Amino acid sequence: MASLSEEVLLVVKKVRQKKQDGTLYLMAERIAWGPEGKDRFTVSHLYADIRCQKISPDGKAKVQLQLVLHTGENITFHFANESTAVKDRDAAKELLQQLLPKFKKKANKELEEKNRMLQEDPVLFQLYKDLVVSQVISAEEFWANRLGGVNNTDQALYNNNKQEVGISGAFLADIRPQTDGCNGLRYNLTADIIESIFRTYPAVKQKYCENVPHNLTEKEFWTRFFQSHYFHRDRLNTGTQDIFSECAKQDEKGLKSMVIQGVKNPLLNLLALDDNTLDEGYGVCSPQPSTSVANRTVKESSNSAIIKRFNHHSAMVLAAGSRKGETLNDQGSETSSTDGNSRDSDCFHPPVKKAKLQEATEYDDLQGENRPKTVPLNLKKSDRYAHGPVPLQSHQYTTSQDIINSVNYIHHEMSNYKPNLTQVMSSTAASSAIAALSPGGILMQGGAPQAIHQMIPTDIQGELKHLYVAAGELLRHYWSCFPVNTPFLEEKVIKMKSNLERFQMTKLRPFQEKIQRQYLSTNLTGHLEEMLQAAYNKFHAWQTRRMMRKT
Amino acid sequence: MASDTDVSLLVIVVDVNPIWWGQQAHREPEFTLAKCLDAVMVLGNSHLAMTRSNKLAVIASHCQDSYFLYPTKKSADNGGDESSSGDGKYELLSATNNQMAEEIREILSKTEVRGNSTDTLLAASLAKALCYIHRVSKELEVGQEMKSRILVIKAAEDCALQYMNFMNGIFAAQKQNILIDACVLASDSGLLQQACDITGGLYLKLPQKVALAQYLLWVFLADSEQRSQLVLPPTAHVDYRAACFCHRNLIEIGYVCSVCLSIFCTFSPICTTCETAFKIQLRQMVKPKKKKLKQQM
């Protein structure tokens, strides 16, 4: 049996596991199951090993609970007690729900983070395979620079990468009650909708916290909520037995405060906008304000009530979106944050306001031209530009006699010029020209280096890229050790140098042999060798200097 | 994909410097200016024969001016009366050849003897070619696209005074996506090497001048899209080093004045071209500290 020091939190009889009857025990730190009549536990798992639990849906005949471990294993328990199966299963589930979060190890979170990073970045994954799996450097060194800070505020970091999901304005309308058949309505509430309601109407959330679970169950609370007139269109002020009538009063207060605060945008006069026009195209006329409520018709007042409801709802949704996950505990700050104006007033600090005013009142086209003042360029030796940065070339001087001779000759030759296109060149000249232009001819030398990426097969190119990435990573670690100030860096330098040597042995040499076997004469690894050699030279220099300092 | 109506314009700039060619006649009698012009005509005819929508222009670069050999104003006026030659040649080709021959005869017969300018005006011819290309591109029909390139056949040596204009022309060609190819007969030209490298053309120095036609047809007849399918001589390394303004030596690292952009090999506190004064912080020379050796007993 279990050790006596373990506290047993729950015992469930008649639980089958792998078609065997037995009893399920939930302890302080683990969950265990033993078959009927036996003393030992055949199945026992720490809560820390369990990733999550699953239950079978309500309609199924078999009432089951499944545990998924971190290793991927699944263990299923079948609650076989006819009368109390569902209750037992639910009790076990609730207890597990409370216990599992306590035992989630932080180390597993780290593993998950590492897995996530490796999955998201294929280059990183390849580097990991090249370096750690082949034992060139150890896993800790690999992750040393990359994780940093995962342990501390991982949840916050993770959240910062994700965007906050806003509230849909139509969440209340989306609830869409269905008729139950016999004069009742069925509302489907999901956790999302509940969250939206709480975020938008903090008053409702407060009511919930006050009443559930002391006075009402969750189901009763929501039933009352939907029944109350608070929820329905026409909010007539009902008697005070409705717990939501307070909420209605609070909403009225909130709305009034919003209206009083008004819009803080100095460039916009909201009160001047009006719906009453004289006629089309004739502008706005402000009607006589009727202050007595009795003058309004019933239709007008119900319309205005609905419009007020809508405005209030929209304002609350916007305000909830701008609160950004802060938890509001005091009621005092409720009304102040319910106005979406706060962002607007922030926008109108003096410099921003000035910029906006300028934008609205000035036209760039009509400003005078303000060209920056320039200094004129005065060149003393402008003849230098005539020849430009061209080196002196030996000029062949022609004597005037030469010139005269040449010109006369050309006169003579070209005065009777007739194109003779059938005798342009001899065939020997042509064939020697063709020979010079064919591949291998005197004019075609030096074309080979351009085609190197076509001559090397793609898989070798891929391998070379991986080699470069891995070598780069190792060299980065190595060169970051210099200048060597601390004993930690000294150790690291020595270790990195041995890593580089190991990399050269295990990865670079086989690759070189491979390409030699394929008769590729190009030197693909020359640069890599140079980089490694530079690292070795630096190491030797550092070592000799260290020796000299010690002696 | 080139459609049937896409125009490919080839502008050939031939260096007909009479002084160089006159001397060449004495050096190598089997390759004279006549032969060179024949080879150019062969290339021009081949280009026109490749596709009906191909266009050709030939510019002769002289030391006094640069002239259009084809198309000329006279050809537009006459309408080609004397274009029928007896051998059944395609009329466009024979018209082209006749015009070119007539023009070159006229130009060279009018050459005067002048001593002060013996250099070929290559930069000017390049500029003329660019302007012609620009004009033709404006005269295209709606929806037609034009690809143009310039082939420079160079005989005489580079003239350093044309450097600025030449570079301007090269960059203008690069902006307009016009290739500049170069076929050099005698001495290597650094300017043309740069031009070919910048615009993406081919540079070729002929080992044999006699076979000029063969080289032209092999290397320079195809346009830029077709060149990627052919095996052509590889591009050589271009020496882009600049020469300093003070000594005219090629330098790899130098000092450039930020006001006038003139290049110097050593630092001087005043730029000699624009007389701007500069201050530069030289690194303080750190004397190596002598380490005190501890006496260990």
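Each residue is numbered by its place in its chain's sequence as written, counting from 1. Each chain takes a letter, starting from A, and each ligand takes a number, starting from 1, following the order in which they are written. Only residues with pLDDT of at least 70 get local features here, since the model is predicted, and only at 80 or more are side-chain atom pairs given and counted; chain-wide, interface and lining totals rely on the full set of residues. Computation of side-chain values covers all heavy atoms of the structure but excludes hydrogens and water.

Stated formally: UniProt positions are given in the numbering used here, feature names are shortened, and annotations may be inferred rather than shown by experiment.
The name an unreviewed UniProt entry assigns to chain A is General transcription factor IIH subunit 1, from the organism Cynoglossus semilaevis. Note on chain A: under the UniProt heading Subcellular location (unreviewed entry), the record states "Nucleus".

## Topic: the overall build of chain A
We count it as follows: By definition, any uninterrupted DSSP run of H or I lasting at least four residues is a helix, any uninterrupted run of E lasting at least two residues is a strand, and each is numbered from the N terminus. By definition, residues are in contact when any of their heavy atoms lie within 4.5 Å. What sets the accessible areas is the Shrake-Rupley method with a 1.4 Å probe; for residues, cover comes only from the shown protein chains.
Scanning chain A from N- to C-terminus turns up 20 helices and nine strands. A sequence separation of at least 24 residues applies to 52% of the contacts in chain A between residues at least 6 apart. Element-wise, carbon and sulfur atoms account for 53% of the exposed surface of chain A, whose accessible area totals about 37500 Å².

## A look at the overall build of chain B
For clarity, the threshold we go by: When a residue's accessible area, from a 1.4 Å probe over protein chains only, is under 20% of the maximum for its type it is buried; when over 50% it is exposed; and in between it is partly exposed.
For chain B, the helix and strand inventory stands at nine helices and 10 strands. Looking at chain B as a whole, 48% of its 297 residues are labelled buried. Taking the contacts inside chain B whose residues are at least 6 apart along the sequence as the reference set, 65% of them involve residues at least 24 apart. Within the structure as shown, chain B displays about 16100 Å² of accessible surface, and the carbon and sulfur contribution to it stands at 53%.

## Here's the deal with the pattern of salt bridges
For side chains bearing opposite charge, pairing can occur when the charged atoms are close. For clarity, the cut-off: Any carboxyl oxygen of Asp or Glu within 4 Å of a side-chain nitrogen of Lys or Arg constitutes a salt bridge here.
Overall, the coordinates contain 17 salt bridges over all chains when judged by the stated rule. With its nearest N and O atoms 3.0 Å apart, the salt bridge here joins Glu473(A) to Arg476(A). Residue Glu473(A) and its partner Arg476(A) are both found in helix α18 (residues 458-479); the two are separated by three residues, about one turn of the helix. The class of Arg476(A) is partly exposed, set by a relative accessible area of 42%. Two residues, Glu225(B) and Lys147(B), come together in a salt bridge whose shortest N-O distance is 3.9 Å. Of the two residues, Glu225(B) sits in helix α9 (residues 224-227) while Lys147(B) sits in strand β4 (residues 146-154), which places them 78 residues apart along the sequence.

## Re the sheet that holds strand β3 (residues 66-70) of chain B
Residues and elements named next belong to chain B. Applicable threshold: For two strands to pair, DSSP has to find at least two bridges joining them. Inter-axis angles, ranging from 0 to 180 degrees, are taken between N-to-C directions of lines fitted to C-alpha atoms, where helices are fitted over the stretch in contact.
One open sheet accounts for six strands, arranged β3-β2-β1-β4-β5-β6; its pairing is mixed. The open sheet has two edge strands with one neighbour each: β3 and β6 (203-205). Between one strand and the next, the sheet's axes are offset by a mean angle of 20°, whatever the strand orientation. When strand β1 (residues 7-15) meets β4, the two strands line up parallel, connected through eight bridges. Bridge assignment links Val11 to a residue of β4, and that residue is Ile150.

## What to know about the interface of chain A and chain B
For the record, the criterion: As used here, buried area is the combined drop in accessible area, with a 1.4 Å probe, of two parts when they are placed together. Whenever a nitrogen or oxygen atom comes within 3.5 Å of another N or O atom, the pair is scored as a polar contact, on the condition that within protein one atom can donate a hydrogen and the other can accept it, and that pairs from neighbouring residues in sequence are kept only if both atoms are in side chains. Polarity classes work like this: nonpolar for Ala, Val, Leu, Ile, Met, Phe, Trp, Tyr, Cys and Pro, charged for Asp, Glu, Lys and Arg, and polar for all others, with Gly in that last group.
Every contact between the two is made by 50 residues of chain A and, on the other side, 67 residues of chain B. Taken over both partners, the interface formed by chain A and chain B buries close to 5100 Å², and the fraction arising from carbon and sulfur atoms is 68%. The tally of links from chain A across to chain B stands at 15 residue pairs in polar contact (both at pLDDT 80 or more). Those elements that provide at least two residues to the side of chain A that touches chain B are α14 (384-387), α15 (400-414) and α16 (427-437) of chain A. Per-element tally for the side of chain A that touches chain B: the top contributor is α15(A), with 10 residues. Residues belonging to the side of chain A that touches chain B are distributed by class as follows: 28 nonpolar, 17 polar and five charged.

## A closer look at the packing of α18(A) against helix α20 (residues 526-550) of chain A
All names here are of chain A. Rules: For classification, angles of less than 35 degrees are called roughly parallel, those exceeding 145 degrees roughly antiparallel, those between 65 and 115 degrees roughly perpendicular, and all remaining angles oblique. For a crossing to be left-handed, the near helix must be turned anticlockwise from the far one by less than a right angle; the clockwise case is right-handed.
At a minimum axis distance of 11 Å, the contact between α18 and α20 shows a crossing angle of 15°. Overall, the two elements α18 and α20 adopt an arrangement that is roughly parallel. α20 is crossed by α18, and the crossing has left-handed handedness. Here Leu464, Leu467, Tyr468, Ala471, Leu475, Tyr478 and Trp479 of α18 lie close against α20, whose contacting residues are His527, Leu528, Met531, Leu532, Ala534, Ala535, Lys538 and Phe539. Across the contact of α18 with α20, the residue classes tally to 13 nonpolar, one polar and one charged.

## Some remarks on unusual backbone geometry
Following Phe482(A), the chain continues into Pro483(A) via a peptide bond in cis, with omega recorded as -5°. In this fold, Pro483(A) is placed in the loop between α18 and α19 (487-517). Positive phi values are uncommon outside glycine, yet Lys18(A) reaches one of about 55°. Phi is positive for Arg248(B), close to 60°, though the residue is something other than glycine. Turning to its location among the elements, Arg248(B) is positioned in the loop between β7 (242-243) and β8 (250-251). According to the relative accessible area criterion, Arg248(B) is buried, its value standing at 16%.

## Considering the confidence of the model for chain A
All names here are of chain A. Note the cut-off: The predictor attaches a confidence to each residue, called pLDDT, with possible values from 0 through 100.
Averaged over chain A, the pLDDT score is 75; the fraction of residues at 70 or greater is 79%. Predicted confidence in chain A is weakest over helix α11 (residues 332-337), with a mean pLDDT of 40, and strongest over α20, with 90. Counted against residues more than four places away or in other chains, residues 325-345, with its pLDDT under 50, gives 26 contacts.

## Looking at the pairing of strand β5 (residues 179-184) of chain B
All names here are of chain B. Here is the rule we go by: Seen with the strands pointing away from the viewer, any crossover whose path from the first strand over the helix to the second strand runs clockwise is right-handed.
In terms of residue burial, β5 counts as a mostly covered element, since six of its six residues are buried. Residues of β5 alternate between two faces, with Leu179, Asp181 and Cys183 on one and Ile180, Ala182 and Val184 on the opposite face, all of them buried. Inspection of the sheet shows β4 paired to β5 by six bridges, in the parallel sense. Looking at the pairing, Leu151 lines up with Asp181 of β5. In terms of handedness, the path from β4 via helix α6 (residues 163-175) over to β5 forms a crossover that is right-handed.

## Brief notes about the sheet that holds strand β6 (residues 64-69) of chain A
Residue and element names in this part refer to chain A. Read from one edge to the other, the open sheet built from seven strands follows the order β4-β3-β2-β1-β7-β6-β5, with strand pairing classed as antiparallel. Of all strands in the sheet, those bounded by a partner on one side alone are β4 (43-46) and β5 (50-55). For this sheet, the mean angle separating the axes of adjacent strands, direction not counted, is 30°. Pairing between strand β2 (residues 20-27) and strand β3 (residues 30-35): five bridges, direction antiparallel. Considered in β3, the bridge of Leu24 is made with Trp33.

## Observations regarding the pairing of β3(B)
Residues and elements named next belong to chain B. Two strands pair when backbone bridges link them, and strand β2 (residues 54-61) and β3 are joined in this way by four bridges, in the antiparallel orientation. Bridging across to β3, Val58 finds its partner in Tyr70. Once β2 ends, the chain turns through four residues before running back antiparallel as β3.

## Focus on the confidence of the model for chain B
Chain-level statistics for chain B give a pLDDT mean of 85 and a share of 88% at 70 or above. As scored by the predictor, the complex reaches a pTM of 0.52 and an ipTM of 0.77.

## Here's the deal with the packing of aromatic side chains
All names here are of chain A. As a reminder, the rule being used: Side-chain rings of Phe, Tyr and Trp, where Trp is taken by its six-membered ring, are said to pair if the distance between their centres is within 6.5 Å; with planes under 30 degrees apart they count as stacked, over 60 as edge-to-face, and otherwise as tilted.
According to the stated counting rule, one finds 11 aromatic pairs over all chains in the structure shown. Judged by centre distance (4.9 Å) and plane angle (50°), the rings of Phe198 and Tyr208 are tilted. Taken together, the positions of Phe198 in helix α6 (residues 191-200) and Tyr208 in helix α7 (residues 202-211) put the pair 10 residues apart, joining distant regions of the chain. Accessibility expressed as a relative area gives 18% for Tyr208, which makes it buried. Seen in terms of ring centroids, Tyr478 and Phe482 are 5.4 Å apart; in terms of plane orientation they differ by 70°. Their pairing is edge-to-face. Each member of the pair, Tyr478 as well as Phe482, carries the same accessibility label: buried.

## As for the environment of Gly184(A)
With respect to the secondary-structure elements, Gly184(A) resides in the loop between β8 (178-179) and β9 (185-186). Among all residues touching Gly184(A), those that are not within four sequence positions of it are Gln178(A) and Thr179(A).

## Observations concerning helix α2 (residues 33-50) of chain B
Keep this limit in mind: How far a helix is expected to stretch is found by multiplying one less than its residue total by 1.5 Å.
Taking 1.5 Å of rise per residue, 18 residues should cover 26 Å, and α2(B) covers 26 Å from first to last C-alpha, within 8% of that figure. Along α2(B), 14 of the 18 residues are buried, which leaves the element largely enclosed by surrounding structure.

## Some words on the state of the cysteines
The condition that has to hold: Pairs of cysteine sulfur atoms within 2.5 Å are what we label disulfides.
A complete count under the given rule lists zero disulfides over all chains for this structure. With no disulfide of its own, Cys246(B) lies closest to Cys265(B) among cysteine sulfurs, the gap being 3.7 Å.

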